[in-house]
Amino acid sequence: MAGSALLGGHSKKHKVTVVGSGNWGSTISKIVAENAKLHSNLFEEEVQMWVYEEEVTIPSTSKNYDAAAGHDEPQKLTSIINNYHENVKYLPGVTLPSNLVANPSLVDAVRDASILIFNLPHQFIGKACDQMRGNILPYARGISCIKGVNVSDDGVSLFSEWIGDGLDIYVGALSGANIASEIAAEKWSETTIAYDPPLTDSRAPTPRSDSPQPAQPTVTVTDVPAVVHRDARGRASKTKLTGVPAEYPPLDHDSFRTLFHRPYFHVQMVSDVAGVSLGGALKNIVALAAGFVDGRGWGDNAKAAIMRIGLMEMVRFGKEFFGETVQSATFTETSAGVADLITSCSGGRNFRCARKAVEKGISVDEVERQELNGQKLQGTTTAYEVNSFLKARGLERDYPLFTAVNDILRGKKQVDDIPELVATLDD
Ligand SMILES: NC(=O)C1=CN([C@@H]2O[C@H](COP(=O)(O)OP(=O)(O)OC[C@H]3O[C@@H](n4cnc5c(N)ncnc54)[C@H](O)[C@@H]3O)[C@@H](O)[C@H]2O)C=CC1
Ligand SMILES: O=C(CO)COP(=O)(O)O
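Computed from a predicted model, the values in this text were never measured in an experiment. (Residues numbered from 1 in each chain as written. Chains lettered and ligands numbered in written order. Predicted model: local features only at pLDDT ≥ 70, side-chain atom pairs only at ≥ 80, totals over all residues. Heavy atoms only, no water.)

### Structural notes on the overall build of the protein
Regarding its fold elements, the protein presents 16 helices and 14 strands. Across the 427 residues in the protein, those meeting the buried criterion constitute 57%. When contacts within the protein are restricted to residue pairs at least 6 apart in sequence, long-range pairs at least 24 apart make up 75% of them. Total accessible area on the protein is roughly 17,500 Å²; 49% of this is exposed by carbon and sulfur atoms. (Helix = DSSP H or I, 4+ residues; strand = E, 2+ residues; numbered from the N terminus. Buried < 20%, exposed > 50% of the residue type's maximum accessible area, 1.4 Å probe, protein only. Contact = heavy atoms within 4.5 Å. Areas by Shrake-Rupley, 256 points an atom, 1.4 Å probe, with all protein chains shown as cover.)

Shown next as structure tokens:
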């Protein structure tokens, strides 16, 4: 293993905590726990996963079900995960590594963690950050796996930068063509991680693996100057970053690849945090549209048209609002761009729920409640939020597909109107 994995002489290892334990949260936890065990020179073997506690009954279909052991009675989800290494509610049928520990206390789970992985539906991240504030290491680094954007009166921001600003830490982004159930079953896929902190966390010299390993000088947090952090649009952010102390192995592209890369999960490291985050957020709106036309029975040509127009609007949105840093190639060449768009419009939950809503003549929200057993769609809220952002700026007509999805969700337009509505883009 090249790069960081060869580093020696550091007195501390990185503690990794995953904030979230849904379908994707549990899958990513499995991946990083496997790698923490494999790379125990860099990471503490035990990985913590914060679980929003709930009472759950082990389904009789689970290989861990035992009626004689009282499994027909509800139990705490954290107990089930820690005893049976299965998240029976959000990732049933998948064995989780035994070094992954489910923790119902968010404050306890994030304590002393130098790597925080944010992986929960975006509607819950604000409250989680409120609890974390003041209870994390000042030099922690984060990766956001959340697919959504944060819209407020001030404008639109990426969850990576919003979490980073709120917690005064640097947060990168992971996104890709990543349907969780396939990855949990260890079927090959690719992902993209964008990580571009303003100061090099890899200050320590890299000793050759065949030479004696000199002890690293110990520095405390206060020895590392805080620097002004620039956000994904190149603007100076409020966040004053604290450097990662030299007792730890450096955190750089090599170390994050080591943490996430598996034989069945191939990682591409990039620096375009805005492009990676926007790809993951905006494709969910397009996936709803793909579900609408599929549910209407219009076939693959219509779905391909939706993807083409959707990709154009995604690139346009990125250029218009994050233009100083976003790269079109992130949308057209990485897993976080076009590949995620394709997989999400083929088998994602937003696509499937929108299709079923049209087939059954009910709302997408109703399908979500009936079919997803507590899992959450991100496309509906993203469609509403992006629409309110565009509307406030008089730009709805520039994004006709995004606008059509919002209007269909709100019952103001019909699926049959889509061809006419999106035709304006090419006029
Ligand atoms: N599932 C997938 O295939 C993929 C999902 N993603 C993204 O990952 C993010 C996380 O989604 P999933 O892990 O799939 O979640 P999920 O939709 O499977 O699960 C819902 C999660 O929300 C938690 N929850 C429910 N009420 C809560 C509350 N009041 N406070 C805090 N948490 C609460 C549940 O405990 C559960 O962990 C989303 O942004 C999603 O778009 C990204 C790639 C793939
Ligand atoms: O992001 C995903 C695949 O990359 C999953 O999308 P859904 O949330 O629509 O299932």
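Having put the structure on the table, let's press on.
### Points about the site of ligand 1
Taken together, 24 residues lie near ligand 1, and Asn23, Trp24, Asn178, Lys376 and Gln378 sit nearest. Contact between ligand 1 and Arg349: a nitrogen atom at 3.1 Å from a side-chain N or O atom of the residue. A total of 840 Å² of accessible area belongs to ligand 1 in isolation, and the protein chains cover 90% of it. Assessed atom by atom at 2 Å from the grid points, ligand 1 resides in the largest pocket. Its residues assigned to classes, the shell around ligand 1 comprises eleven nonpolar, nine polar and four charged. (Near = heavy atom within 4 Å. Polar contact = N/O pair within 3.5 Å; in protein donor to acceptor, adjacent residues only side chain to side chain. 1 Å grid on protein atoms, 1.4 Å probe; cavity = no way out; pocket = protein on both sides within 12 Å on 5 of 7 lines; lining within 4 Å. Sits in = over half its atoms within 2 Å of the grid points. Nonpolar A, V, L, I, M, F, W, Y, C, P; charged D, E, K, R; others polar.)

### Looking at the layout of surface pockets
In this structure, the largest pocket occupies an estimated 1,000 Å³ of space. Taken together, 44 residues make up the lining of the largest pocket; nearest its centre are Gly22, Leu120, Pro121, Arg349 and Lys376. Those elements that provide at least two residues to the lining of the largest pocket are α1 (23-38), α4 (125-132), α6 (180-184), α8 (273-295), α11 (335-347) and α12 (349-360). Across the lining of the largest pocket, the residue classes break down as 16 nonpolar, 19 polar and nine charged. (Points joined across faces, edges and corners; volume = space filled by probe spheres on them.)

### Quick notes on the nonpolar core
Formed by 127 residues in total, the largest nonpolar core has its most connected members in Ile117, Phe118, Phe260, Phe292, Phe317 and Phe402. With 14 residues, the single largest contributor to this core is α8. With near-sequence residues (within four places) excluded, Phe292 lies in contact with Ala354, Arg355, Val358, Val364, Val405, Ile408, Leu409, Val415 and Ile418. (Core = buried A, V, L, I, M, F, W, Y, C linked by side-chain atoms within 4.5 Å.)

### Brief notes about the site of ligand 2
Close to ligand 2 lie Lys147, Gly176, Ala177, Asn178, Ile179, Lys283, Asp340, Thr343, Ser344, Gly348, Arg349 and Asn350, which account for all nearby residues. Interatomic distance of 2.8 Å between a side-chain N/O atom of Lys147 and an oxygen atom of ligand 2. At a separation of 2.9 Å, an oxygen atom of ligand 2 approaches a polar backbone atom of Asn178. Protein chains shield 91% of the accessible area of ligand 2, which is 300 Å² for the free molecule. When atom positions are compared with the pocket grids, ligand 2 is found to occupy the largest pocket. Among the secondary structure elements, those contributing two or more residues to the shell around ligand 2 are α11 and α12. The biggest single contributor to the shell around ligand 2 is α11, with three residues. Looking at the shell around ligand 2, its residues break down into two nonpolar, six polar and four charged.

### Points about the UniProt feature "domain: Glycerol-3-phosphate dehydrogenase NAD-dependent C-terminal" (unreviewed entry) in the protein
Mapped onto the present numbering, the UniProt feature "domain: Glycerol-3-phosphate dehydrogenase NAD-dependent C-terminal" (unreviewed entry) falls at residues 272-419. Secondary structure content for residues 272-419 is 76% helix and 0% strand, and the end C-alpha separation is 33 Å. (UniProt positions renumbered as here; feature names shortened; annotations may be inferred.)

### Description of the sheet that holds strand β11 (residues 189-194)
Here we have eight strands laid out as an open sheet, ordered β5-β2-β1-β6-β7-β10-β11-β14, and mixed in their pairing. The two strands at the open ends of the sheet, each matched to only one other strand, are β5 (100-103) and β14 (265-270). Each adjacent strand pair in this sheet contributes to an overall mean axis angle of 25°, direction not counted. Looking at chain direction, strand β2 (residues 47-50) and β5 are connected through four bridges and run parallel. Residue pairing for β5: Gln48 is matched across the bridge by Val101. Sitting on the sheet, α8 is in contact with β10 (170-175), β11 and β14, with an inclination near 50° to β10. Contacting β10 and β11, α11 crosses the sheet at an angle of about 140° to β11. (Pairing = 2+ DSSP bridges. Axes fitted to C-alpha atoms, helices over the stretch in contact; angles between N-to-C directions.)

### Comments concerning empty space enclosed by the protein
Applying the stated criterion to the full structure yields two cavities of 30 Å³ or more. Of the volumes computed, that of the largest cavity is approximately 60 Å³. When residues of the lining of the largest cavity are traced back to their parent elements, those giving at least two are α5 (159-167), β10 and α8.

### What to know about the environment of Asp130
When you line up the elements, Asp130 lands in helix α4. Accessibility expressed as a relative area gives 49% for Asp130, which makes it partly exposed. In sequence terms Asp130 and Gly166 are 36 residues apart; their C-alpha atoms lie 8.4 Å from each other.

### Remarks on the pattern of salt bridges
Throughout the structure, instances matching the rule amount to 16 salt bridges. Among the ionic pairs, Glu186 bridges to Lys30, the shortest N-O distance being 2.5 Å. In this pair, Glu186 sits in the loop between α6 and β11 while Lys30 sits in helix α1, placing the two residues 156 residues apart along the sequence. Given the relative accessible area of 41%, Glu186 is considered partly exposed. For Lys30, a relative accessible area of 3% gives the class buried. Bridged by salt links that share partners, the residues Lys30, Glu34, Glu186 and Arg262 form one connected network. (Salt bridge = Lys/Arg side-chain N within 4 Å of Asp/Glu carboxyl O.)

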